[in-house]
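The chain contents come next:
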Amino acid sequence: MKKINVALVRLLQFVVFVVFTFVVITYFGAMILLPLDAVTLLIKLFGLVGLHGFIGAAIAIPAVAYLGLIVYRTPGLCPMIIETGVDLVKIGKAKVEAFNAIANSVKA
């Protein structure tokens, strides 16, 4: 019975690890894909207005880069975003390690 309990604890530990890994990858992936999505949407918007895709891209890319510069120059915003992601990693690591104590108590 102890082996089954240990196996269940390890299975739940793996599930928690996978969930936190997914959350961290999604968080940092969203930070990368957000400006790319803004460029795509602006190009489509300029296409609706009647501008060609290359002209729309020539306007949209510098516009999104300028918005990124504004975000970068905002005091404390970039470190806070990175710190939030690092906190997610730390919380996930702590929760996965908490299962080790549970598994050790089940073994005994």
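Residues numbered from 1 in each chain as written. Predicted model: local features only at pLDDT ≥ 70, side-chain atom pairs only at ≥ 80, totals over all residues. Heavy atoms only, no water.

J.: Give me the overall build of the chain: which residues, what numbers.
T.: The helix and strand tally for the chain stands at three helices and zero strands. Here the chain has a C-alpha radius of gyration of 22 Å; the compact-globule value for 108 residues is 13 Å, and the former is much larger. With the principal axes as the frame, the chain shows a C-alpha extent of 70 × 30 × 15 Å. Burial statistics for the chain: of 108 residues in total, 15% are counted as buried. For the chain, the share of sequence-separated contacts (at least 6 apart) that also reach a separation of at least 24 residues comes to 71%. Computed over 9 positive and 4 negative side-chain charges, the inter-centroid distance for the chain is 14 Å. (Helix = DSSP H or I, 4+ residues; strand = E, 2+ residues; numbered from the N terminus. Rg over C-alpha atoms; globule rule 2.2 N^0.38 Å. Buried < 20%, exposed > 50% of the residue type's maximum accessible area, 1.4 Å probe, protein only. Contact = heavy atoms within 4.5 Å. Lys, Arg positive; Asp, Glu negative; His and termini not counted. Charge placed at Lys NZ, Arg CZ, Asp CG, Glu CD.)

J.: Describe the packing of helix H1 (residues 2-49) against helix H3 (residues 77-107), listing the residues and the values that go with them.
T.: Contact pair H1 / H3: the axes reach a minimum separation of 9 Å and the direction vectors enclose 175°. Classified by the angle between their axes, H1 and H3 sit roughly antiparallel to one another. (Axes fitted to C-alpha atoms, helices over the stretch in contact; angles between N-to-C directions. Parallel < 35°, antiparallel > 145°, perpendicular 65-115°, else oblique.)

J.: Please give an account of the layout of surface pockets that cites residues and values.
T.: In this structure, the largest pocket encloses a volume near 350 Å³. Surrounding the largest pocket, 14 residues form its lining, Met31, Leu34, Pro35, Gly68 and Val71 being those nearest its centre. Of all the secondary structure elements, the ones that give two or more residues to the lining of the largest pocket are H1, helix H2 (53-73) and H3. For the lining of the largest pocket, the leading source of residues is H1, giving six residues. For the lining of the largest pocket, the class distribution of residues is twelve nonpolar, one polar and one charged. (1 Å grid on protein atoms, 1.4 Å probe; cavity = no way out; pocket = protein on both sides within 12 Å on 5 of 7 lines; lining within 4 Å. Points joined across faces, edges and corners; volume = space filled by probe spheres on them. Nonpolar A, V, L, I, M, F, W, Y, C, P; charged D, E, K, R; others polar.)

J.: Please set out the side chain of Gln13 residue by residue, giving values where relevant.
T.: Locating Gln13 in the fold gives a position in helix H1. Among the polar contacts made by the side chain of Gln13, one reaches the side chain of Asn100 at a distance of 3.1 Å. Excluding its chain neighbours within four sequence positions, the residues that come into contact with Gln13 are Val96, Phe99 and Asn100. (Polar contact = N/O pair within 3.5 Å; in protein donor to acceptor, adjacent residues only side chain to side chain.)

J.: I'd like a rundown of the confidence of the model for the chain, residues and numbers included.
T.: Here the chain averages 93 in pLDDT, and 100% of its residues register 70 or above. Mean pLDDT values over the elements of the chain span from 92, in H3, up to 94, in H2. (pLDDT = per-residue confidence, 0-100.)

J.: Give a description of a nonpolar patch on the surface that names residues and reports values.
T.: Judged by side-chain polarity, Met1, Ile4, Leu8, Leu11, Phe14, Val15, Phe17, Val18, Val19, Phe22 and Val23 come together as a nonpolar surface patch covering roughly 1,100 Å² of accessible area. Checked against the element boundaries, Ile4 lands in helix H1. (Patch = residues over 30% accessible without salt bridge, like charges linked within 9 Å, V, L, I, M, F, W, Y side chains within 5 Å. Areas by Shrake-Rupley, 256 points an atom, 1.4 Å probe, with all protein chains shown as cover. Salt bridge = Lys/Arg side-chain N within 4 Å of Asp/Glu carboxyl O.)

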